[in-house]
Amino acid sequence: MIGILAGMGPKSTGPFVDKVVNQCQKIYGAINDIDFPHMMIYSCPTPFYIDKPLNHTDMEMAIIKGARRLEKTDVDFIAIPCNTAHIYFNQIRNSVSVPVLNMIDETIKEIPKNSKKVALLATNPTVQSGIFQDALVREGYDFLHQDRWQTCVNQIIVKIKQGKIDESLQLWDEFYSELAETIDTAIIACTDLNVVTDKKFNDFSIVDSSTCLAQAVVHKYLSLMDRD
C-alpha cells in the first residue's frame with residue numbers, strides 16, 4: 001500500500017493524488033477502479049507560515065509524527081509531496097522503518113539534459129536550505145535566482161493559501177513572462193504552486209517536483225507488485 005504524507009499545504013493534497021492516478025493510467029494503463037493501487041493518505045497540518053521564519057524543531061517534529069502515524073497503517077513506503085519537508089529528509093527517513101521516496105532526487109533526474117539556466121520556484125525555507133542548489137551544481141546546471149523572483153513566488157503562494165486563485169493566476173502570468181526572457185528551465189518546487197502551473201507552456205521547460213514524485217510513486221508500487 002502506498003503511503004502519502006500530505007497536507008503541506010492542504011490545497012496540494014488533492015492535486016497530488018490526481019497526479020498519482022494520472023501516472024497509473026500513463027505508466028501501466030490503469031482503466032478500471034480495481035487497476036489502481038491502494039493508497040493511505042494522511043493530511044498532516046504543519047506549523048508553516050509564509051510570512052514567518054520557520055521553526056525547524058516544530059516543523060521536523062510535526063512531519064516525523066505524521067510519518068510515524070502513516071507507518072502504523074501498514075503502508076509499504078511513504079511519499080511526501082512537500083519540498084520544504086525534505087529539508088528534514090534524513091531525519092524523517094531514520095524515524096520510520098519503511099522506505100521514504102526523495103522528492104528532490106526524483107526531480108533532478110527529470111531536468112532536460114540540454115538545460116543551462118535553471119530557476120527554482122519554491123518557498124523561502126526550501127530556497128534557503130540549498131537542497132536543490134547543491135544537486136543542481138553537482139549535475140552541472142547554472143542556478144539563477146533573484147530576490148524579486150522570490151518575492152513574486154511568495155505573493156503567489158500567499159494568494160493560493162488565501163483561496164484567491166484568480167489573483168494568483170494573474171500574478172503567475174506576469175511572472176511567467178519575465179522568467180521566459182531569462183531561463184530555459186523552471187523547477188516547480190512548491191506543491192501549492194501547482195494550482196497555477198498545471199498547464200502547458202512553450203517558452204521554457206517546466207519540471208514539476210510533484211509530478212516527478214508521482215511518477216516515482218507509481219514505479220515503486222509496480223516494483224513491489226512484481227516482487228509479490
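Only a predicted model underlies this, so the values are computations on that prediction, with no experimental measurement involved.

Cut-offs and rules
- Residues numbered from 1 in each chain as written.
- Predicted model: local features only at pLDDT ≥ 70, side-chain atom pairs only at ≥ 80, totals over all residues.
- Heavy atoms only, no water.
- Buried < 20%, exposed > 50% of the residue type's maximum accessible area, 1.4 Å probe, protein only.
- Helix = DSSP H or I, 4+ residues; strand = E, 2+ residues; numbered from the N terminus.
- Pairing = 2+ DSSP bridges.
- Right-handed = clockwise from strand over helix to strand, strands pointing away.
- Patch = residues over 30% accessible without salt bridge, like charges linked within 9 Å, V, L, I, M, F, W, Y side chains within 5 Å.
- Areas by Shrake-Rupley, 256 points an atom, 1.4 Å probe, with all protein chains shown as cover.
- Salt bridge = Lys/Arg side-chain N within 4 Å of Asp/Glu carboxyl O.
- Lys, Arg positive; Asp, Glu negative; His and termini not counted.
- Charge placed at Lys NZ, Arg CZ, Asp CG, Glu CD.
- Core = buried A, V, L, I, M, F, W, Y, C linked by side-chain atoms within 4.5 Å.
- Phe/Tyr/Trp six-rings, centres within 6.5 Å; stacked < 30°, edge-to-face > 60°.
- Contact = heavy atoms within 4.5 Å.
- Polar contact = N/O pair within 3.5 Å; in protein donor to acceptor, adjacent residues only side chain to side chain.
- Expected span 1.5 Å × (residues − 1).
- Axes fitted to C-alpha atoms, helices over the stretch in contact; angles between N-to-C directions.
- Parallel < 35°, antiparallel > 145°, perpendicular 65-115°, else oblique.
- Left-handed = near helix turned anticlockwise from the far one by under 90°.
- Nonpolar A, V, L, I, M, F, W, Y, C, P; charged D, E, K, R; others polar.

### Details of the pairing of strand β1 (residues 2-6)
(1) Moving on: Burial of β1 is extensive: 5 of the 5 residues sit out of reach of the surface.
(2) Moving on: Both faces of β1 are covered, namely the face carrying Ile2, Ile4 and Ala6 and the face carrying Gly3 and Leu5.
(3) Moving on: Relative to strand β2 (residues 39-43), β1 runs parallel, the two sharing 5 bridges. Its bridge partner being in β2, isoleucine 4 is matched across the sheet by isoleucine 41.
(4) Moving on: Tracing the backbone out of β1, into helix α1 (residues 10-28) and back to the parallel element β2 gives a crossover that is right-handed.
(5) Moving on: Where β1 meets strand β3 (residues 77-79), 3 bridges bridge the pair, whose relative direction is parallel.

### Things to note about a positive patch on the surface
(1) Moving on: A cluster of basic residues, Lys65, Arg68, Arg69 and Lys72, forms a positive patch on the protein surface.
(2) Moving on: Among the structural elements, arginine 68 can be located in helix α2 (residues 56-71).
(3) Moving on: Residue arginine 68 is classed as partly exposed on the basis of its relative accessible area of 43%.

### Thoughts on the nonpolar core
(1) Moving on: Among the nonpolar cores identified, the biggest contains 21 residues, and Leu5, Met8, Ile63, Ile78, Ile80 and Ile92 are the most heavily contacted of them.
(2) Moving on: Where this core is concerned, the elements lending two or more residues are α2 and α3 (89-95).
(3) Moving on: If you tally residues by element for this core, the top one is α2, at 5 residues.

### Here's the deal with the packing of aromatic side chains
(1) Moving on: As enumerated under the stated definition, the model contains 4 aromatic pairs in all.
(2) Moving on: Aromatic pair tyrosine 28 and tyrosine 221: ring centres 6.3 Å apart, planes at 40°, arrangement tilted. Linking tyrosine 28 in helix α1 with tyrosine 221 in helix α10 (residues 209-227), this pair joins segments that are 193 residues apart in sequence.
(3) Moving on: Between tryptophan 172 and tyrosine 176, the ring centres sit 6.0 Å apart and the planes meet at 55°, which makes this aromatic pair tilted. Of this pair, tryptophan 172 and tyrosine 176 both sit in helix α8 (residues 165-180), 4 residues apart, roughly one helical turn. Pair check on accessibility: tryptophan 172 and tyrosine 176 agree, each one buried.

### A word on the environment of phenylalanine 132
(1) Moving on: Secondary-structure assignment places phenylalanine 132 in helix α6 (residues 131-138).
(2) Moving on: Residues phenylalanine 132 and isoleucine 104 lie 28 residues apart in sequence; the distance between their C-alpha atoms is 6.7 Å.
(3) Moving on: If we skip the residues at most four places from it in the chain, phenylalanine 132 touches Asn83, Ile104, Thr107, Ile108, Leu120, Thr126, Ile187 and Ala189.

### Points about the environment of isoleucine 2
(1) Moving on: Examined against the element boundaries, isoleucine 2 turns out to sit in strand β1.
(2) Moving on: Distance in space between the C-alpha atoms of isoleucine 2 and methionine 40 is 6.1 Å, their sequence separation being 38 residues.

### Observations regarding the side chain of aspartate 192
(1) Moving on: Locating aspartate 192 in the fold gives a position in the loop between β6 (185-188) and α9 (194-197).
(2) Moving on: Among the polar contacts made by the side chain of aspartate 192, one reaches the side chain of lysine 161 at a distance of 2.8 Å.

### Details of α8
(1) Moving on: Here α8 contains 16 residues, and its C-alpha end-to-end distance of 22 Å stays within 8% of the 22 Å for a straight helix at 1.5 Å per residue.
(2) Moving on: Where α8 is buried, its residues contact β4 (117-121), α7 (147-161), β6 and α9.

### Notes on the packing of α7 against α8
(1) Moving on: Interhelical geometry of α7 versus α8 gives an angle of 160° and a closest axis separation of 8 Å. With respect to α8, the element α7 is oriented roughly antiparallel. Note that α7 runs across α8; the crossing there is left-handed. Every residue of α8 that contacts α7 at Arg148, Trp149, Cys152, Val153, Gln155, Ile156, Lys159 and Ile160 is listed here: Ile165, Glu167, Ser168, Leu171, Trp172, Phe175, Glu178 and Leu179.
(2) Moving on: Here the contact of α7 with α8 is composed, by residue class, of 10 nonpolar, 2 polar and 4 charged.

Everything listed here is a matter of coordinates, which is why it stays silent on function.
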